[in-house]
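Structural overview
Listed here are the chains, written in short residue letters.
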Amino acid sequence: MHFLDIRCVSCSLLNHSHIHLLKMAAPVVAEGAAVLAFRSVMQRVRQAADRSGTLPESIRVVAVSKTKPVSMIRQLYDAGHRCFGENYVQEIVDKAPQLPQDIEWHFIGHLQSNKVKTLLGGVPNLAMFEGVDNQKVANNLDRMVSTLGRNPLKVLVQVNTSGEESKSGIDPSNCVDLAKHVKSSCPNLVFSGLMTIGRPDYTSTPENFKTLSNCRTEVCKALEMPEEQCELSMGMSSDFELAIEMGSTNVRIGSTIFGPRDYSKKQE
């Protein structure tokens, strides 16, 4: 009987040990999966570019790593990727110093005016701001770039192509005026193109992309700017291939690479 008891205790310890090992292994498995998923995404990008007659090298893939650990970003970095995006100021400010300086960070989405200094001061290697949606934020970015003595910052004007009141972005009818303002009144910013975030259920995706493409035509005409110099940032995990086929030069892919996001920790 004592022998059986010892075996039961031994089995119990072994099970706990296995569980502990599995828990330790889980992040590694997830990170390895992210690299595999990234390679799959890059293959799909190349195929979409081929279908649209575009050079695959002309499509930038921004790996959107919000809510994901630095270790997972590092795995993609070690696999050769350099362009990552974040949506929350505190998260990008926390992560950027822990990672190599040759990463090209993109901040994506609306930025509150009181967070401009935190973002630009905390991420010296911020390569692009995807989300100028009004003159105030453009002016604040311009002023802070100058104050910090940074090189001019590339920016994209965010256009609300889906007409949702809850969504940030300039109305398509006003995108020319905002692009003009950035170009002519913000010497420390480089107007680099337009971006949009479509409806979450993707029901209006083709219309959103077409609207943004039309906006680019109008903006380039007004600014006397070649269209090939004006980027289109459109397309995410569920529609990036269609976006590329419709002219996107910059796709923002998160969950398809990194897996479902963890919103248990509130971000700002």
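In what follows, the structure referred to is the one given above.
Overview of the structure. (Residues numbered from 1 in each chain as written. Predicted model: local features only at pLDDT ≥ 70, side-chain atom pairs only at ≥ 80, totals over all residues. Heavy atoms only, no water.)

1. Describing the packing of aromatic side chains
Basically, it comes down to this: Side-chain rings of Phe, Tyr and Trp, where Trp is taken by its six-membered ring, are said to pair if the distance between their centres is within 6.5 Å; with planes under 30 degrees apart they count as stacked, over 60 as edge-to-face, and otherwise as tilted. Secondary structure counts use DSSP, requiring at least four H or I residues in a row for a helix and at least two E residues in a row for a strand, with both numbered from the N terminus. Using a 1.4 Å probe on the protein chains alone, a residue whose accessible area is under 20% of its type maximum counts as buried, one over 50% counts as exposed, and one in between counts as partly exposed. Working rule: Lys NZ or Arg CZ, within 6 Å of ring centre, within 35 degrees of ring normal, means a charge sits over the ring.
Across all of its chains, the model carries 2 aromatic pairs by this definition. Relative to tryptophan 105, the ring of phenylalanine 84 has its centre 6.1 Å away and its plane inclined at 50°; by these criteria the two rings are tilted. Of this pair, phenylalanine 84 sits in strand S2 (residues 83-86) while tryptophan 105 is found in strand S3 (residues 104-108), placing the two residues 21 residues apart along the sequence. Taking relative accessible area as the criterion, tryptophan 105 reaches 0% and is therefore assigned buried. Taking the centre distance of 5.9 Å and the plane angle of 5° together, the rings of phenylalanine 107 and phenylalanine 129 count as stacked. Of the two residues, phenylalanine 107 sits in strand S3 while phenylalanine 129 sits in strand S4 (residues 126-132), which places them 22 residues apart along the sequence. Pair check on accessibility: phenylalanine 107 and phenylalanine 129 agree, each one buried. We note arginine 82 situated over the ring of tyrosine 77; from NZ or CZ to the ring centre the distance is 3.6 Å.

2. What to know about empty space enclosed by the protein
Applicable threshold: A cavity, in this analysis, means grid points on a 1 Å lattice covering only the protein atoms where a 1.4 Å probe fits yet has no way out; a pocket is instead an open set bounded by protein on both sides within 12 Å along at least five of seven lines, and a residue lines either one if it has an atom within 4 Å of a point. Grid points are joined across faces, edges and corners, and a volume is the space filled by probe spheres set on the points. Only Asp, Glu, Lys and Arg are considered charged, only Ala, Val, Leu, Ile, Met, Phe, Trp, Tyr, Cys and Pro nonpolar, and every remaining residue, Gly among them, polar.
According to the stated counting rule, one finds 1 cavity of 30 Å³ or more in the structure shown. If you add up the space inside the largest cavity, you get close to 50 Å³. Lining the largest cavity are 12 residues, with Ile197, Gly198, Phe209, Met236 and Asp239 sitting closest to its centre. Of the residues forming the lining of the largest cavity, the biggest block, 3 residues, is contributed by helix H7 (residues 205-223). Of the residues belonging to the lining of the largest cavity, the class tally is 4 nonpolar, 5 polar and 3 charged.

3. Overview of the layout of surface pockets
By volume, the largest pocket is sized at about 730 Å³. Around the largest pocket sit 29 residues that line it, and Lys66, Asn87, Ile108, Gly109 and Ile197 are the ones nearest its centre. At the level of elements, S3 and strand S8 (250-253) are the ones that each hand at least two residues to the lining of the largest pocket. Considered class by class, the residues forming the lining of the largest pocket number 11 nonpolar, 11 polar and 7 charged.

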